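As a plain string of letters, each chain reads:
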Amino acid sequence: MKVLYFGSRENFLPGTKTCGISQDPNRDASQYESYLELKKFLEGTDIKDQISLDFVDIKADDMSPYEKVSDLLKEYASPIISIGDKDFIVGKSHNVNIFMKIKENLK
């Protein structure tokens, strides 16, 4: 199943200085750093061979293939995670919650 993390390398997630995601402990983590943390987390789970996780930069990449996400971005801020293009998580969510939502969609 394809899982896409839509975010920006330039956007930061407020309140993430103390969680250890950021390369720099004096600033919040970027959405890309959050994606990397999620990727590392999912690689240690039992669903790792059933999914492919990729980052789509909403400012740099072509968004035309992602009409549903483009519509969501008109109403909500990034990040947005697309799970099989049928379920979406809007905003920063805990990795365990994302894992559970992906696992639910794999059934």
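These numbers were taken from a predicted model, which means no experiment stands behind them. (Residues numbered from 1 in each chain as written. Predicted model: local features only at pLDDT ≥ 70, side-chain atom pairs only at ≥ 80, totals over all residues. Heavy atoms only, no water.)

Undergrad: Can you help me understand the overall build of the protein chain in this one?
TA: If you tally the helices and strands in the protein chain, you get 3 helices and 4 strands. The helix and strand sequence of the protein chain, counted from the amino end, reads β-α-β-α-β-β-α. In summary, the protein chain has a C-alpha radius of gyration of 13 Å against a globular reference of 13 Å for 107 residues, a match within 12%. With respect to the principal axes defined by its C-alpha atoms, the protein chain has extents near 40 × 30 × 20 Å. Burial status across the protein chain gives 39% buried among its 107 residues. Considering only intrachain contacts with a sequence separation of at least 6, the fraction spanning at least 24 residues in the protein chain is 52%. Taken as a whole, the protein chain presents about 6300 Å² of accessible surface, with 48% of it coming from carbon and sulfur. Between the mean site of the 15 positive side-chain charges and the mean site of the 18 negative ones, the protein chain shows a separation of 4 Å. (Helix = DSSP H or I, 4+ residues; strand = E, 2+ residues; numbered from the N terminus. Rg over C-alpha atoms; globule rule 2.2 N^0.38 Å. Buried < 20%, exposed > 50% of the residue type's maximum accessible area, 1.4 Å probe, protein only. Contact = heavy atoms within 4.5 Å. Areas by Shrake-Rupley, 256 points an atom, 1.4 Å probe, with all protein chains shown as cover. Lys, Arg positive; Asp, Glu negative; His and termini not counted. Charge placed at Lys NZ, Arg CZ, Asp CG, Glu CD.)

Undergrad: Which parts of the structure should I look at to understand the pattern of salt bridges?
TA: When the charged atoms of two side chains with opposite charge come close together, those side chains can pair. What the rule picks out here adds up to 8 salt bridges. Measuring nitrogen to oxygen at the nearest pair gives 3.4 Å for the salt bridge that ties D54 to K2. Of the two residues, D54 sits in strand β2 (residues 52-57) while K2 sits in strand β1 (residues 2-7), which places them 52 residues apart along the sequence. Note on K2: relative accessible area 44%, which makes it partly exposed. Measuring nitrogen to oxygen at the nearest pair gives 3.6 Å for the salt bridge that ties K59 to E10. A residue pair is termed long-range when its members are at least 10 positions apart, and K59 in the loop between β2 and α2 (67-75) and E10 in the loop between β1 and α1 (31-43) qualify at 49 residues. Ionic contacts of the salt-bridge type, sharing partners, join the residues D87, K101 and E104 into one network. (Salt bridge = Lys/Arg side-chain N within 4 Å of Asp/Glu carboxyl O.)

Undergrad: I would appreciate a short explanation of the sheet that holds strand β4 (residues 87-90) in the present structure.
TA: Think of a sheet as strands paired side by side through backbone hydrogen bonds, with each pair either parallel or antiparallel. With mixed pairing, 4 strands are arranged side by side in an open sheet as β2-β1-β3-β4. The open sheet terminates on both sides in strands that have one partner only, identified here as β2 and β4. Adjacent strand axes in the sheet meet at a mean angle of 20°, parallel and antiparallel pairs treated alike. Note: strand β3 (residues 80-83) against β4, 4 bridges, orientation antiparallel. Bridge pairing in β4 places I81 opposite I89. This element, α2, spans β1, β3 and β4 of the sheet and lies at about 150° to β3. (Pairing = 2+ DSSP bridges. Axes fitted to C-alpha atoms, helices over the stretch in contact; angles between N-to-C directions.)

Undergrad: Sorry if this is basic, but what is going on with the pairing of β3 here?
TA: Successive residues of a regular strand alternate their side chains across the two faces of the sheet. Burial along β3 is two-sided: I80 and S82 and I81 and I83, pointing in opposite directions, are all buried. Across 4 bridges, the pairing between β1 and β3 is antiparallel. Bridge pairing in β3 places V3 opposite I83. In sequence, β3 turns back onto β4 through a hairpin of 3 residues, with G84 there showing a positive phi of about 65°.

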